[in-house]
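Coordinate analysis (summary)
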Amino acid sequence: GEDVEQSLFLSVREGDSSVINCTYTDSSSTYLYWYKQEPGAGLQLLTYIFSNMDMKQDQRLTVLLNKKDKHLSLRIADTQTGDSAIYFCAETNPSNTGKLIFGQGTTLQVKP
Amino acid sequence: DTEVTQTPKHLVMGMTNKKSLKCEQHMGHRAMYWYKQKAKKPPELMFVYSYEKLSINESVPSRFSPECPNSSLLNLHLHALQPEDSALYLCASSQREGNYGYTFGSGTRLTVV
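Here's what I pulled together on the structure shown here. Quick caveat: nothing in here was measured; it's all calculated off a predicted structure.

A closer look at the sheet that holds strand β6 (residues 55–58) of chain A
Residue and element names in this part refer to chain A. Overall, antiparallel pairing links the five strands, which are arranged β1-β3-β8-β7-β6 in an open sheet. At either end of the open sheet lies a strand with only one pairing partner, and these are β1 (4–6) and β6. Strand after strand, the sheet turns through a mean of 15 degrees between neighbouring axes, direction not considered. As paired elements, strand β7 (residues 61–66) and strand β8 (residues 71–76) share six bridges and run antiparallel to each other.

What follows is the structure, encoded as structure tokens:
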């Protein structure tokens, strides 16, 4: 079955880069996503990558996809205190229509 | 309009009450979803509607009853809930079922007393 795994916690200093990692098991995944959830809020789609890409950059965010190793990462450059949140990796594939499979979420703590 | 709007934002209900959660989007999305999220856990899929028809029910207890009156609205009717049903209920939509670009609402924080 499908499984998405993430480390649970990451702590960085303000101004440093953060790298959040995710591994998945379903080789049929078509889209892979990063969502951000601040305390008490809903999920905000940060970025997504299609499985035929290996990198996507959007301002401070860089997504790297290693399809061979089924490894996805999110790099946040110049991390700010406002980046403190839970980050969920998620994937979809055509055989699981309508289902976003989420990882457990990584809590990012940014220290001033 | 690029948002999914959920009401109410907070709801406290007794175990004998009947209440409804509402979700609305005007992006022309034809797939809508209900998710349940417990604290510090990932969202869990409950229901999927595609073109106003129920497509997926993830073995959700019958005390949760979804309804999709039209392509812009999704309701979740609640009856005889248990305290363990207390959670954040998230609505999402996408252009088509399984499509990329899911948009989530900010959720309804439900407390069952």
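Comments concerning the state of the cysteines
Applying the stated rule across the entire model yields two disulfides over all chains. At a sulfur-sulfur separation of 2.0 Å, the disulfide partner of Cys22(A) is Cys89(A). Its S-S torsion of approximately -65 degrees makes the covalent link between Cys22(A) and Cys89(A) left-handed. Taken together, the residues Cys22(A) in strand β3 (residues 18–24) and Cys89(A) in strand β9 (residues 85–92) connect sequence positions 67 residues apart. The pair Cys22(A) / Cys89(A) is uniform in exposure class, with both members buried. Cys23(B) shares a disulfide with Cys91(B); S-S distance 1.9 Å. Its torsion about the S-S bond being -70 degrees, the disulfide of Cys23(B) and Cys91(B) is classed as left-handed. Within this pair, whereas Cys23(B) is found in strand β3 (residues 18–25), its partner Cys91(B) is found in strand β9 (residues 87–94), the two being separated by 68 residues in sequence. Each member of the pair, Cys23(B) as well as Cys91(B), carries the same accessibility label: buried.

Definitions and limits used
- Residues numbered from 1 in each chain as written.
- Chains lettered and ligands numbered in written order.
- Predicted model: local features only at pLDDT ≥ 70, side-chain atom pairs only at ≥ 80, totals over all residues.
- Heavy atoms only, no water.
- Pairing = 2+ DSSP bridges.
- Helix = DSSP H or I, 4+ residues; strand = E, 2+ residues; numbered from the N terminus.
- Axes fitted to C-alpha atoms, helices over the stretch in contact; angles between N-to-C directions.
- Disulfide = S-S within 2.5 Å.
- Buried < 20%, exposed > 50% of the residue type's maximum accessible area, 1.4 Å probe, protein only.

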